[in-house]
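If you want the building blocks of each chain, they are given just below.
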Amino acid sequence: MSATRPIWIDRSAEAPALAPLESDAGTDVLVIGAGIAGLSVALALLENGRDVLLLDKHAVGAGQTSRSSAHLADALDDRFYRLERWHGGDGARLAAQSHAEAIDRIERRVAEFGIDCDFARVDGGLVGATHDDAAELHRELDAARRAGLDVEWLEGGLPGLEAFGPALRFPRQARVDPLRYVAGLAAAVRARGARFARAEVVEVDSAHAPFARTADGRRIDADAIVVATDVPFHESVAIHTKQAPYRTYVIAATVATDALPDVLLWDTADPYHYVRRVGAERGDGRVLALFGGADHKTGQTLHGDPFDALAAWTRAHFGEIAIERAWSGQILEPIDGLGFIGADPGGRDGVYVVTGDSGNGLTHGTLAGPLIAALIDGREHPWRELYDPRRRPLRALGTWLAENANVAAQYGDRLGPGRARPLARGDGAVVREGLHRIAVHRDADGALHAFSALCPHLGCAVRWNAIERSWDCPCHGSRFDARDGRVLDGPAAHGLTPLDVGGG
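Anyway, here's the lowdown on the structure attached to this text. (Residues numbered from 1 in each chain as written. Predicted model: local features only at pLDDT ≥ 70, side-chain atom pairs only at ≥ 80, totals over all residues. Heavy atoms only, no water.)

## What about the environment of Asn-360?
This is how the line gets drawn: Numbering goes from the N terminus for both helices and strands, where a helix is a DSSP run of H or I of at least four residues and a strand is a run of E of at least two. Each residue's exposure class comes from its accessible area (1.4 Å probe, protein chains only) as a fraction of the maximum for that residue type: buried when under 20%, exposed when over 50%, partly exposed otherwise. Contact definition: two residues touch when any of their heavy atoms are within 4.5 Å.
Secondary-structure assignment places Asn-360 in the loop between β17 (351–355) and α7 (361–376). The class for Asn-360 is buried, based on a relative accessible area of 7%. With 284 residues separating them along the chain, Asn-360 and Leu-76 place their C-alpha atoms 7.6 Å apart. Once residues lying within four places of it in the same chain are set aside, the contact partners of Asn-360 are Ala-73, Leu-76, Asp-77 and His-99.

## Some remarks on the nonpolar core
Put simply, the rule reads: Nonpolar core, defined: a set of buried Ala, Val, Leu, Ile, Met, Phe, Trp, Tyr and Cys residues in which side-chain atoms within 4.5 Å join the residues together.
Among the nonpolar cores identified, the biggest contains 88 residues, and Leu-39, Phe-80, Phe-119, Tyr-181, Phe-196, Val-226 and Tyr-387 are the most heavily contacted of them. If one sorts the elements of this core by residue count, helix α3 (residues 80–113) sits on top with eleven residues. Setting aside residues up to four positions removed in sequence, Phe-196 forms contacts with Leu-18, Leu-39, Leu-54, Val-60, Ala-186, Val-189 and Arg-190. Within the second largest apolar cluster, 23 residues are counted, among which are Val-127, Ala-167, Val-287 and Ala-289.

## Overview of helix α2 (residues 36–47)
Our working rule: Here a helix's expected span is defined as the number of its residues, less one, multiplied by 1.5 Å.
Taking 1.5 Å of rise per residue, the twelve residues of α2 would be expected to cover 16 Å, and the 16 Å separating its terminal C-alpha atoms lies within 8% of that figure. Across the twelve residues that make up α2, a large majority, eleven, are buried. For α2, the set of buried residues is Ile-36, Ala-37, Gly-38, Leu-39, Ser-40, Val-41, Ala-42, Leu-43, Ala-44, Leu-45 and Leu-46. Looking one or two residues past α2, Gly-49 carries a phi angle of roughly 85 degrees, positive in sign.

## As for the pairing of strand β18 (residues 428–433)
Applicable threshold: Note on pairing: DSSP must find at least two bridges between two strands before they are called paired.
In this sheet, strand β19 (residues 436–442) lies alongside β18 in antiparallel orientation, the contact comprising six bridges. Across the sheet, Gly-428 pairs through a bridge with His-441, a residue of β19.

## A look at unusual backbone geometry
Cis peptide bonds are those with omega within 30 degrees of zero, and the linkage from Asp-270 to Pro-271 qualifies with 0 degrees. Here Pro-271 is to be found in the loop between β12 (263–267) and β13 (274–277). Cis rather than trans, the peptide bond between Gly-490 and Pro-491 has omega equal to 20 degrees. Checked against the element boundaries, Pro-491 lands in the loop between β24 (487–489) and β25 (498–499). Despite not being glycine, Ser-358 has its phi angle at roughly 55 degrees, a positive value. As for its position among the elements, Ser-358 is in the loop between β17 and α7.

## A short note on the packing of aromatic side chains
Heads up, the rule is: Only Phe, Tyr and Trp rings are paired, with Trp represented by its six-membered ring, and only when their centres lie within 6.5 Å; those with planes under 30 degrees apart are stacked, over 60 edge-to-face, the remainder tilted.
For the coordinates displayed, the defined rule picks out seven aromatic pairs. Where Phe-164 meets Phe-318, the ring centres are 6.0 Å apart and the plane angle is 45 degrees; that geometry is what we call tilted. Here Phe-164, found in the loop between β5 (152–154) and β6 (167–175), pairs with Phe-318, found in helix α6 (residues 306–318); they are 154 residues apart in sequence, far enough to count as distant. Overall, the relative accessible area of 5% leaves Phe-318 in the buried class. By the ring-pair criterion, three or more aromatic residues cluster together here, those being Phe-164, Phe-291, Trp-313 and Phe-318.

## Brief notes about the state of the cysteines
Selection rule: Disulfides are defined in this document as cysteine sulfur pairs within 2.5 Å.
As enumerated under the stated definition, the model contains one disulfide in all. Disulfide pairing places Cys-460 opposite Cys-475 at an S-S distance of 2.1 Å. The S-S bond linking Cys-460 to Cys-475 shows a torsion near 55 degrees; that makes this disulfide right-handed. One end of the pair, Cys-460, is in the loop between β20 (448–452) and β21 (463–465); the other, Cys-475, is in the loop between β22 (470–472) and β23 (479–481), with 15 residues separating them in the sequence. On the accessibility criterion, Cys-460 (1% relative accessible area) is buried.

Here it is in structure tokens:
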């Protein structure tokens, strides 16, 4: 897996291993992906009396759920004045209402299932990156109020964080330990009769009826299939031109308790910073907290060390810190600010997708539960059109053109020279051999691992990610293990093609 390790894995018991799928199978609904989206959908389906088989290629919560900073917010970070422009006033209000309902749903599940996951309601605060950002805060204040949010202007700033200047306060946001929560959710799903298995699904189709096929040739037939794998791996183009992959970075560090109130904090920087506590004070006058940001497009140029940049920003605003963990995660940014939940955009009947979390993966995955369950049952739902994967984001055409021009530019790598250089242990580089580009990694033992550098998704050339020690595609965000080339993140359905380069 990836080289960094989120703090949640230290705090939570390792997810129990899933038994492998050992034969063909049939089910009412197949859910692919055992993160918060897949589990939330499975639970809603079970409550509607459906038979559910849930597959994951690793374990419960082992994907991007484990890499979340676990902010639970209806104060969406794409800004409500933009959501109004892209989706209209009614759409902005539905976006606020749906994410608020998702937080309420998580709170109810925590109480109903007795999940020990540090769930807490806290204020959210939006502050300016500089003291000249008051105009943007006022603009967002007005739009958030029109969207129905409870929001307050604080001229003197958030209590305990006055140095940031004026702020917007959003009450009744929340924080949670994501792995503990999904572990409790998985237990509830299993108790209600869902079957779990480990399998890598590489094909989803519906020529006559929905079916899926695994890497080892197993076939699963179903009345409906839900692809809840963060990135749909069964689509080549339909969804991937409407969302862009970004890496985001988080440091977990202790700070003086009085330096950071128990709030969720965002600023107006681009890329923006986000902050929250993790649990209670430790008893020594310090508290563990997460400080995130430094986002950039996956596989594209990093300017400096993002963890160093986050640490410097944190020290400047919160004083002395002691870093305990650092990690990165993958975010999918839809070009019109809202995710995609609903019928397969490629037109496969009986297939549904959940993707495009826009940095709000826990609430987005949670609200997918009742929406997907309603669609599978043939019922209308008030959120259907807002999150429809087949929608045409015409009001975000400028963003669509810019993002897809950026993707097209990345294909220039296929024509450029390889960067041959000596490889230290743990390093990687793309080199050229004739017409071929080769991704080469030297592992900690000195052994070389080589693959075709062309991403199996749409042929973009991968680049070396020195932080996670992976091969990352700069076009659509697929990521691959450096040692064996297997897929870490889609949309690629298959790993990199291995090559023999000799002993090295």
